[in-house]
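Structure at a glance
The primary structure of each chain is shown beneath.
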Amino acid sequence: MMTGGQPGRSPTMLESVELSPFWMGVLGSAGAGACTALGAAGVFAIQRLSPKLEDMLLSAAAGIMLAASFFSLILPGLELANARLGNEVYGALVVIAGVMLGAIGLWLLHEHLPHEHFVMGREGPDQVELKRIWLFIIAITLHNLPEGMAVGVGFATGDPGNGAGLAIGIGMQNIPEGLAVAVSLLAIGYTRTAACGWGALTGAAEPLGGLIGAAAGSLAELALPAVLGAAAGAMLYIISDEIIPETHRRGFQTPATFALMTGMVVMMFLDTTLG
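All values reported here derive from a predicted model rather than from experimental measurement. (Residues numbered from 1 in each chain as written. Predicted model: local features only at pLDDT ≥ 70, side-chain atom pairs only at ≥ 80, totals over all residues. Heavy atoms only, no water.)

Re the overall build of the protein
Filter applied, for reference: Going along the chain from the N terminus, every DSSP run of H or I of four or more residues is numbered as a helix, and every run of E of two or more is numbered as a strand. Each residue is assigned to one of three classes by its accessible area relative to the maximum for its type, calculated with a 1.4 Å probe on protein chains only: buried under 20%, partly exposed between the two thresholds, exposed over 50%. Here, residues are in contact when the closest pair of their heavy atoms is within 4.5 Å. Only the protein chains shown count as cover for residues, and all accessible areas are computed by the Shrake-Rupley method using a 1.4 Å probe.
Helix and strand counts for the protein come out as ten helices and four strands. Counting the 275 residues in the protein, one finds 46% classified as buried. Sequence-distant contacts in the protein: of pairs separated by 6 or more residues, those separated by 24 or more amount to 77%. Total accessible area computed for the protein in this model is approximately 12,700 Å², and 69% of it derives from carbon and sulfur atoms.

Looking at helix H2 (residues 21-40)
Defined as follows: Under the convention used throughout, the expected extent of a helix is 1.5 Å for every residue step, that is, one less than its residue count.
Spanning 20 residues, H2 covers 29 Å between terminal C-alpha atoms, matching the ideal 28 Å at 1.5 Å per step. For H2, the set of buried residues is Phe-22, Gly-25, Val-26, Gly-28, Ser-29, Ala-32, Gly-33, Cys-35, Thr-36, Gly-39 and Ala-40.

Thoughts on the environment of Ala-150
With respect to the element layout, Ala-150 can be found in helix H5 (residues 132-156). Taking relative accessible area as the criterion, Ala-150 reaches 0% and is therefore assigned buried. Taking the C-alpha atoms as reference, Ala-150 lies 8.5 Å from Ser-29; in sequence the two are 121 residues apart. In contact with Ala-150, not counting residues within four places along its chain, are Leu-73, Leu-166, Ala-231 and Met-235.

Considerations on the confidence of the model for the protein
Cut-off, in case you're wondering: As a per-residue measure, pLDDT reflects the predictor's confidence and takes values from 0 up to 100.
In this model, the protein carries an average pLDDT of 80, and 82% of its residues clear a pLDDT of 70 or more. Looking over the protein, one finds the lowest element-wise mean pLDDT in helix H1 (residues 13-16), namely 39, and the highest in helix H10 (residues 253-274), namely 90. Ignoring residues within four places in sequence, the model shows residues 1-6, a span with pLDDT below 50, making ten contacts including any to other chains. When the criterion is pLDDT under 50, residues 11-17 qualifies, and its contacts beyond four places in sequence or with other chains add up to four contacts.

Quick notes on the environment of Val-227
Position of Val-227 among the secondary structure elements: in helix H9 (residues 224-247). The spacing of Val-227 and Ala-150 is 77 residues in sequence and 9.0 Å in space, taken between C-alpha atoms.

Considering the nonpolar core
So the rule is basically this: Residues grouped as a nonpolar core are buried Ala, Val, Leu, Ile, Met, Phe, Trp, Tyr and Cys residues, joined through side-chain atoms within 4.5 Å.
In terms of nonpolar packing, the biggest core is built from 38 residues, with Leu-73, Val-153, Met-235 and Met-267 touching the most fellow members. Of all elements in the fold, only helix H3 (51-85), helix H4 (88-112), H5, helix H6 (160-187), H9 and H10 reach the threshold of two or more residues within this core. A total of twelve residues in this core trace back to one element, the largest contributor, which is H9. Excluding anything up to four places from it in sequence, Met-235 contacts Met-65, Ala-68, Ser-69, Leu-73, Pro-146, Glu-147, Ala-150 and Ile-170.

Notes on the pattern of salt bridges
Defined as follows: Between Lys or Arg on one side and Asp or Glu on the other, a salt bridge is scored when a side-chain nitrogen of the former is within 4 Å of a carboxyl oxygen of the latter.
Inspection of every chain in the model, using the stated rule, returns two salt bridges. Of the charged contacts in the structure, one is a salt bridge between Glu-54 and Arg-250, with a shortest N-O distance of 2.8 Å. One end of the pair, Glu-54, is in helix H3; the other, Arg-250, is in the loop between H9 and H10, and 196 residues separate them in sequence. Judged by its relative accessible area of 31%, Arg-250 falls in the partly exposed class. Two residues, Asp-55 and Arg-250, come together in a salt bridge whose shortest N-O distance is 2.6 Å.

Side note on the side chain of Asp-271
Let me state the cut-off plainly: We count Lys and Arg on the positive side and Asp and Glu on the negative side, and we leave His and both chain ends out.
Here Asp-271 shows up in helix H10. Buried charge Asp-271 goes without a salt bridge, the closest partner of opposite sign being Arg-84 at 17 Å. Leaving out residues up to four positions away in the same chain, Asp-271 has contacts with Phe-71, Ser-72 and Asn-162.

Shown next as structure tokens:
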């Protein structure tokens, strides 16, 4: 047998195993989620983040999500829909429906799940009493679930480059997000170990989202353009409803805006070079 130009060498286990788009989506989202733990570990080296730096880091994360929504989800969704339906108008309507459903789904979750943001405070039903830590965790989970879903459905398109670009971009924005969560928990009285542990735990939502996105894309191939749109819509809702308002409340809106633009062009570059 000849493999890679070397006679007599059998393929290794890694070479002989080809991962399906489903498993690439699950593993990719798990890797992106693990970056949250990497960021949270920074709490052992940093006492606190200045409000300006915190707003800039979160805005950069929003920029990555914004570019990912368009370049890695909506545009591929439009291409798939046009190819399968043979009609640009119908294809656009399918993706638009997905975007709106994704945004409405996140809005409903925000309305019915109690959660608390570090700047905007508590949201959701007031009659539900939970410890403050759980309110924070629910809030971050609502951010991370659609991000994981985006990675999963990105691989489900059958384009590994598109999925890899999403996984890398989402992973990059999870590092400052994990650090911001852990430092904020430290500021309200948690130990460094507890803050790191809870901050890392918030990233566990991403593999779940990746599983949902990969399964939806794999099992409902005809609905894949709408699923891509839904993942984009969910992230766009988070950007507009939460991240931008949170990062424009403390007087640092100009550096936050440029940080968002920087995150956007970084993700655009990744999508162009890896896609």
